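Close look at the chain arrangement
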Amino acid sequence: MLELARTEKGSNAMGRKQATFREGIGQEQRHYAQALRDVRNLRGETQQELGRLLGWSVSMVSRFEAASERPDRATHRRYCALAPTEELRRQLASAYEALPPLNEAQRRPALVRRSPEEWHGRALDGPGVYQLLSEKYPRYPVARLFGDAAKPLPVWAELARAEQWQDVESPLGHLDLSEPVPDVRTWRYWEPCDPRGEEEFKRHLDEWDRQLREVHAGRREHLKTWNQLTYDLGAMTRDEHGRLRLDCKLGTYYHSLSTSECLDAELSEAYAAWPDSPPDVTWPRLERRAWLHERVPDPVADGRHRSAAIGVSTLTIVRIRNRSFDGYKMFLSPRSVTVATQRRRYHVVPSGMFQPFIPGESADLLQEQFSVTATAVREFVEELYGVHELETGDGRVDPNAIYRRPEAKLLDGMLKAGDAALLYSGVAVNLLALRHEICTVLVIEDPRWYERECGELRICDEFLQQCEQAELLPDQRWVQLINLTRPGLEVEPMWWDRLRASTIVAPGAAAVELGLQVARAVVS
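Scope of this entry: the structure provided in the associated data block. (Residues numbered from 1 in each chain as written. Predicted model: local features only at pLDDT ≥ 70, side-chain atom pairs only at ≥ 80, totals over all residues. Heavy atoms only, no water.)

1. Side note on helix α4 (residues 73-82)
Counting buried positions along α4 gives eight out of 10 residues, so the element sits mostly inside the fold. Every buried residue of α4 is accounted for by Ala-74, Thr-75, His-76, Arg-78, Tyr-79, Cys-80, Ala-81 and Leu-82. (Buried < 20%, exposed > 50% of the residue type's maximum accessible area, 1.4 Å probe, protein only. Helix = DSSP H or I, 4+ residues; strand = E, 2+ residues; numbered from the N terminus.)

2. Some remarks on the sheet that holds strand β4 (residues 172-175)
Strand pairing in a sheet relies on backbone hydrogen bonds, with the paired strands running either antiparallel or parallel. Taken in spatial order, the three strands of this open sheet run β4-β6-β5, and their pairing is mixed. Looking at which strands have only one partner, the edges of the open sheet turn out to be β4 and β5 (229-238). Between one strand axis and the next, the sheet turns through 35° on average, direction left out of account. Here β5 runs beside strand β6 (residues 244-252); their pairing, made up of nine bridges, is antiparallel. For Leu-233, the partnering residue across the bridge sits in β6 and is Cys-248. (Pairing = 2+ DSSP bridges. Axes fitted to C-alpha atoms, helices over the stretch in contact; angles between N-to-C directions.)

3. Description of helix α11 (residues 287-295)
Of the positions making up α11, those classed as buried are Arg-288, Arg-289, Ala-290, Trp-291, Leu-292 and His-293. Lining the buried residues of α11 we find α7 (128-136), α8 (197-216) and α9 (253-273). (Contact = heavy atoms within 4.5 Å.)

4. So, the environment of Ser-170
Within the secondary structure layout, Ser-170 lies in the loop between β3 (155-159) and β4. Separated by 76 residues in sequence, Ser-170 and Leu-246 have C-alpha atoms that sit 9.4 Å apart. For Ser-170, the residues in contact, after removing those within four places along its chain, are Gln-164, Leu-244 and Tyr-424. One polar contact links the side chain of Ser-170 to the main-chain carbonyl oxygen of Asp-167, over a distance of 2.9 Å. (Polar contact = N/O pair within 3.5 Å; in protein donor to acceptor, adjacent residues only side chain to side chain.)

5. Some details on the packing of aromatic side chains
What the rule picks out here adds up to 16 aromatic pairs. Their ring planes at 50° and their centres at 4.9 Å tell us that Tyr-231 and Phe-354 sit as a pair that is tilted. Here the residue Tyr-231 occupies a position in strand β5, and Phe-354 occupies one in the loop between β10 (351-353) and α12 (363-368), the gap between them amounting to 123 residues. Residue classification places Phe-354 among the buried positions, given a relative accessible area of 0%. (Phe/Tyr/Trp six-rings, centres within 6.5 Å; stacked < 30°, edge-to-face > 60°.)

6. Some thoughts on the side chain of Ser-256
By the secondary structure assignment, Ser-256 is in helix α9. Under the relative-accessibility criterion, Ser-256 is labelled buried at 2%. A polar side-chain atom of Ser-256 sits 3.2 Å from the main-chain carbonyl oxygen of Ser-307. Excluding residues that lie within four positions of it along the chain, Ser-256 makes contacts with Glu-261, Ser-307, Ala-308, Ala-309 and Arg-435.

7. Considerations on the pattern of salt bridges
Overall, the coordinates contain 31 salt bridges when judged by the stated rule. A salt bridge links Arg-220 to Glu-214; the shortest N-O distance between them is 3.1 Å. Owing to a relative accessible area of 23%, Arg-220 belongs among the partly exposed residues under this scheme. Overlapping salt bridges, with partners in common, bring together Glu-86, Arg-89, Arg-90, Asp-194, Arg-196, Glu-200, Glu-287 and Arg-288 in one network. (Salt bridge = Lys/Arg side-chain N within 4 Å of Asp/Glu carboxyl O.)

8. Some words on the packing of helix α1 (residues 27-43) against α4
At a closest axis distance of 10 Å, the pairing of α1 and α4 adopts a crossing angle of 45°. With respect to their mutual orientation, α1 and α4 come out oblique. For the element pair α1 and α4, the recorded crossing hand is left-handed. Here Tyr-32, Leu-36, Val-39 and Arg-43 of α1 come into contact with α4, specifically with His-76, Tyr-79 and Leu-82. By residue class, the composition of the contact of α1 with α4 is five nonpolar, one polar and one charged. (Parallel < 35°, antiparallel > 145°, perpendicular 65-115°, else oblique. Left-handed = near helix turned anticlockwise from the far one by under 90°. Nonpolar A, V, L, I, M, F, W, Y, C, P; charged D, E, K, R; others polar.)

9. A short note on unusual backbone geometry
The omega torsion of the bond from Val-349 to Pro-350 falls at 10°, within 30 degrees of zero and hence cis. By the element assignment, Pro-350 lies in the loop between β9 (346-348) and β10. Positioned with a positive phi, His-305 is a non-glycine residue whose angle comes to about 65°. Classification of His-305 as buried rests on a relative accessible area of 18%. In this structure, Leu-434 is a non-glycine residue whose phi angle is positive, near 55°. Tracing the sequence through the fold places Leu-434 in the loop between β11 (420-430) and β12 (435-444). Overall, Leu-434 belongs to the buried group, its relative accessible area being 0%.

Below you can see the structure in the form of structure tokens.
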């Protein structure tokens, strides 16, 4: 049992309990636990107050400080972010790395209870992150959800011009295939990236291999994540008419996680701990973003020195006519709890990575698959109907299987008949991860589609908390229908409060904003 002293020495005691070390606790564990205590003491907080930030109970914080329980890596990073001084932050990191590995007989580190999305939500709801984005990216002002100045979003977006709407491929520029095709199992890349990403890349590979072993052993039906080639940003430029153009190169999903998405985590960790922190205080902590800025003057428009995988986000708006409703509804969906980033936050559906479906080094094959339309249709079938693209356990796919399905044929028929329209709505940039999104809107005018297909879709007619819905369908996305008032296709008021930067992913919010503007112009 832990022995707890009732008071601490010194003027900063504040009546907080201090856990003592048991006999047998090693010097490395004591050193790390003492650093955890120093974080709380310098912040002047009780164990309950600190635990509320970390996502742990008083008893668990006490066990951390007594070295009887070791925090997991996510909790450790939160401690580092909460450290009031740089010296203590470095001391804490050094002490954690010096801890001896746990053997099978020892207790494994406790897993954090507050999800990364809940923790990072503190950053997105505070003013500090937007002040930094404004200072570092003055040419790319953040968007405002529903035009509300009180709802800033960590994303920059530009509406496509009307003459581009019908051409979904219009934002695509040149695909550079002159460099070697990246190896999905090797960190080495033809372009130098931040070397700190290599460890994270290897962790993703280890997880991929673990899943493969489970698939082959019959303990898992399919892979949750695996590495594939991606179409990445090479450069964002403008043509002679001022229209945005995305020149692309090849990358991989794991490289993107380790060189671009990591920028989001780094920034969010810093501001989750200190939401009001000014830019000059926070910037020294953003070592990976600073590394990129030193090499690329404008990382929003320049994709060098990282793999910035492009995404395709489609806002789906459907015409519904029945006894209880006559009008339009749009689809939103919380991201699955199994994805690598932004779990449970709302996103437009369908959405996915812009990537070749058939891996290989053939330039003709890679160029042939360089299509926004094909990506949107593929994701439409996969996500709305829950169709898995995997056919084997090693990541190989049948590139034509989805297009032979009746769902894809039905959509293709409606597009050709004019009963539905897939339109390009604009480009968005997630300023947290510095990743670009091609935004489209799918307007289905034929009410017979929803009448026939609603039984096959993962529809939720009533609002439920994201955590409740994710527990009901932990490995699938479900669809939330949101009424759009006529004639202006305005989002129903109840969603104005539910949607904000911490509950909807940045590219999803941009897709909603851009898609509704285009839809209002084309819907009769």
